[in-house]
Amino acid sequence: MTACRYANILWAARELLTRPGVNLLMAFSVGLLATMITTGLLLSQALTTTTAHLLAEGPDLVVRRVTAGGWHSIDAQATARALTIPGITDARPRIWGTVRAPQGPVTIAAADQDAIARWCPSEVLRPPDQGEAIIGRGIAFTDDARVLTLQGESSVSVRVVQRFMEETDLMTHDLVLLHPWDARRLLGLAPGDASDLALGVFHPDEAEALLPELAQAFPYPVHIATREDARKHYAAAFGRRGGLGLLLFAPAIMALVLLVAGIVRQQIGDRARVGLLKALGWTSRDIVALQVTKALLVGLPAITIGLTAAYGLVYGPSRQWIGFLLLGWQENAPLLHLEAGHAAPIFLEVTGILLAPFLAAVLWSSLVQAASDPQDLLNRGN
Amino acid sequence: MPAALECRRLAYRYPNADRTALNGFLLQEIDSIFPAGQVVLISGISGAGKSTLLHLLAGLRRPTRGEIRAAGQPVSRWVAAHRDRWRRRVGIIFQQDHLVSGLNVLENVILPLIPRSGGPGKWRSMGLDILNRLNAQQLAGQAITALSGGQRQRVAAARALVDAPDYIMADEPTAHQDTANARRIGRLLRQAADRGAVVVVAAHDRHVEEWIAVDQHLKLDNGTLQPVP
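My aim in this report is to walk through the structure given alongside it, one point at a time.

Definitions and limits used
Residues numbered from 1 in each chain as written. Chains lettered and ligands numbered in written order. Predicted model: local features only at pLDDT ≥ 70, side-chain atom pairs only at ≥ 80, totals over all residues. Heavy atoms only, no water. 1 Å grid on protein atoms, 1.4 Å probe; cavity = no way out; pocket = protein on both sides within 12 Å on 5 of 7 lines; lining within 4 Å. Points joined across faces, edges and corners; volume = space filled by probe spheres on them. Helix = DSSP H or I, 4+ residues; strand = E, 2+ residues; numbered from the N terminus. Nonpolar A, V, L, I, M, F, W, Y, C, P; charged D, E, K, R; others polar. Contact = heavy atoms within 4.5 Å. Buried area = accessible area lost by both parts, 1.4 Å probe. Salt bridge = Lys/Arg side-chain N within 4 Å of Asp/Glu carboxyl O. Axes fitted to C-alpha atoms, helices over the stretch in contact; angles between N-to-C directions. Parallel < 35°, antiparallel > 145°, perpendicular 65-115°, else oblique. Left-handed = near helix turned anticlockwise from the far one by under 90°. Pairing = 2+ DSSP bridges. Expected span 1.5 Å × (residues − 1). Buried < 20%, exposed > 50% of the residue type's maximum accessible area, 1.4 Å probe, protein only. Arc of directions from axis to C-beta.

## Quick notes on the layout of surface pockets
As a volume, the second largest pocket reaches approximately 590 Å³. Along the wall of the second largest pocket there are 23 residues; nearest its centre are Arg 5, Asn 8, Ala 289, Leu 290 and Thr 293 of chain A. Breaking the lining of the second largest pocket down by element, the ones donating at least two residues are α1 (3-17) and α11 (284-315) of chain A together with α2 (80-87) of chain B. Per element, the largest residue contribution to the lining of the second largest pocket is 9 residues, and it comes from α11 of chain A.

## Examining empty space enclosed by the protein
Under the defined criterion, the tally for this structure stands at 5 cavities of 30 Å³ or more. When its volume is computed, the largest cavity comes out at roughly 230 Å³. Lining the largest cavity are 17 residues; nearest its centre among them are Leu 16, Asn 23, Gln 266, Gln 267 and Lys 294 of chain A. When residues in the lining of the largest cavity are grouped by element, the largest group, 4 residues, is from α11 of chain A. For the lining of the largest cavity, a count of residues per class yields 7 nonpolar, 5 polar and 5 charged. Estimated volume of the second largest cavity: approximately 80 Å³. Of all elements in the fold, only β5 (90-93) and α5 (149-161) of chain B reach the threshold of two or more residues within the lining of the second largest cavity. Of the residues forming the lining of the second largest cavity, the biggest block, 3 residues, is contributed by β5 of chain B.

## Focus: the interface of chain A and chain B
Listed by partner, the interface residues are 25 residues for chain A and 30 residues for chain B. Summed over both partners, the interface of chain A with chain B buries about 2,400 Å², with 61% contributed by carbon and sulfur atoms. Contact with chain B buries surface across chain A, with Trp 11, Leu 280 and Gln 375 of chain A losing the most and accounting together for 25% of the total. Across the chain A-chain B interface, the total number found is 4 salt bridges. A salt bridge links Asp 84 of chain B to Lys 278 of chain A; the shortest N-O distance between them is 3.6 Å. Among the secondary structure elements, those contributing two or more residues to the side of chain A that touches chain B are α1, α10 (271-279), α11 and α14 (374-381) of chain A. No other element matches α1 of chain A, which puts 6 residues into the side of chain A that touches chain B.

## Details of the packing of α10 of chain A against α11 of chain A
Residue and element names in this part refer to chain A. Interhelical geometry of α10 versus α11 gives an angle of 135° and a closest axis separation of 9 Å. Taken together, the axes of α10 and α11 lie oblique to each other. For α10 against α11, the interelement crossing comes out right-handed. Contact residues: Val 274, Leu 277 and Lys 278 in α10; Ser 284, Ile 287, Leu 290 and Gln 291 in α11. A breakdown of the residues in the contact of α10 with α11 according to their chemical character gives 4 nonpolar, 2 polar and 1 charged.

## Looking at the sheet that holds β5 of chain B
Residues and elements named next belong to chain B. An order of β5-β6-β7-β3-β8-β9 is seen for the 6 strands of this open sheet, with the pairing classed as mixed. Of all strands in the sheet, those bounded by a partner on one side alone are β5 and β9 (224-227). For this sheet, the mean angle separating the axes of adjacent strands, direction not counted, is 20°. In the sheet, strand β3 (residues 39-43) pairs with strand β7 (residues 198-202) via 4 bridges, with the strands oriented parallel.

## Examining the pattern of salt bridges
One pass over the structure, following the stated rule, counts 24 salt bridges over all chains. The partner of Arg 89 of chain B in a salt bridge is Asp 166 of chain B, with the nearest N and O atoms 2.9 Å apart. With a gap of 77 residues between them, Arg 89 of chain B in the loop between α2 and β5 and Asp 166 of chain B in the loop between α5 and β6 (167-171) connect regions that are remote in the sequence. By sharing partners, the salt bridges in this structure join Glu 15, Arg 273 and Lys 294 of chain A into a single network.

## As for the sheet that holds strand β4 (residues 65-70) of chain B
Residue and element names in this part refer to chain B. Spatially, the 3 strands line up as an open sheet ordered β2-β1-β4, and their pairing is antiparallel. Edge positions in the sheet fall to β2 (25-34) and β4, since each of these pairs with one other strand and no more. Adjacent strand axes in the sheet meet at a mean angle of 15° when their direction is disregarded. Pairing of strand β1 (residues 5-13) with β2, which is carried by 6 bridges, proceeds in the antiparallel orientation. By the bridge assignment, Glu 6 is partnered in β2 with Ile 33.

## Considerations on helix α9 (residues 249-269) of chain A
Residue and element names in this part refer to chain A. Under the 1.5 Å per step criterion, the end-to-end length of α9 is 30 Å for 21 residues, consistent within 8% with the ideal 30 Å. Regarding α9, the residues found buried are Phe 249, Ala 252, Leu 256, Leu 259, Ile 263, Val 264 and Gln 267. Projected onto a plane normal to the axis of α9, the buried residues spread over an arc of 130° and lie on a single side. Every exposed residue of α9 that faces more than 90 degrees away from the buried side is listed here: Met 254, Leu 258, Arg 265 and Gly 269.

Rendered as structure tokens:
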């Protein structure tokens, strides 16, 4: 870039300072718009990615025993029964459920090396002994003795020995990992019984074909959930609340229209100045370049700040209240997963969505004025 | 050396003009040559069309009929983009100074330089130089709103002359000036003509010839230009 170009950018900045209030307001409006639009898109993207990650970690099929009264524990022979079905490669009884903690309901799970490997892949954790617990970051305990009292079928107090790492927060946020003996006591499970049965299949895409045969392998009624069922469940849950998020776009689009109208009106109000510049030897190209530079000087930092704010809202500590506002999360919000390959197009999209009409408004009004005779502009401007 | 500016059968009528007198034409059938290296004074009563003629000569308006030629080229007929470039060679002092109130004096003076070559250092030096020659260097950092009418007119003159233009149109350049400052402006316009510029001054004040050494005096009356002996 030549020194002359730098000088022209400096001059554009100087011109902006002649109306600091108006230009600050414009920057604030653009930044706010960027935040509103990006937050919605980023949150939707984050939830989709997060759900996909969660499901990829989960089993292909989950078998639950059901009775007229609802959920029932699954017996010790269930594993062997499931493995008799061709195509089932892995069967893992799981002990888990929800119990009450002082701050509200939490999920408990019995710890084994397999569970730890799933929830803490990058960390070596010692499975908790009887009377010990590893807890997620969304669970609070207040006393100095680090004791957490849980209330299920019976009351169990455990000593918190460790917390899960932050990067596992997606999966472990409200999780309490216990010794199987403590977990069984809380859930009222007999020795050998489990909450459900997680199955792995040889061809995950054909898991649904195994369902009739699998259901017949058990001497009691079972409910079998596939990974696709889980995906639909999450999609429906997020979709209901996500609809509210879409409402953000209506005022955002209205604001964008008003912003563009404001720019055009401001430019038309500047006719006298454009006429003067032309009279002083500025070419139409010079004037358009000045106006575009001014627009970029206002728009680019504003959009950058808006995108950063949206990122902070979705992935930072403030995700708590944005999650509450848009998704109805009542408890502490988990850390969402960010993939640069997905977020970057959103940032580019929003930059384009905002900059295109912003620059078009500036360009159009500048070109219309630049084509007029200077004295006409001076007269009409006055 | 810039070539002369020439009017050929130049006529101008405002789009919404009352057509009862002269069929609405403010200027009609003007054939005049404004030679390079000369100061031409155009006088006339208020409303005679002096400012309009200057605006036409400066390329700020297009004539209704006829044409304006510079160096033999019909600049008034050129498309906007070419006229824009040609206007870079023109410096104009408006009757109403048209200063930008959000900028200070020096920034107003250097406005014509911004899109051209150079940078802030060169612009500042050129701006201070012309302000100095107009005895207005002490005003450089002041806000436009703090200036008197005479000071504003000198700033407008500095802005018109800062880039040593080839064609200078000055509309009442010595209005609101005391004798010393009027002479300064007159001297600068004379110097511009002496280096070869075409200088056209419009004034209705008969004293202007005392302050500006004029080569040719024309009177605008009933839409036509007549030499004043």
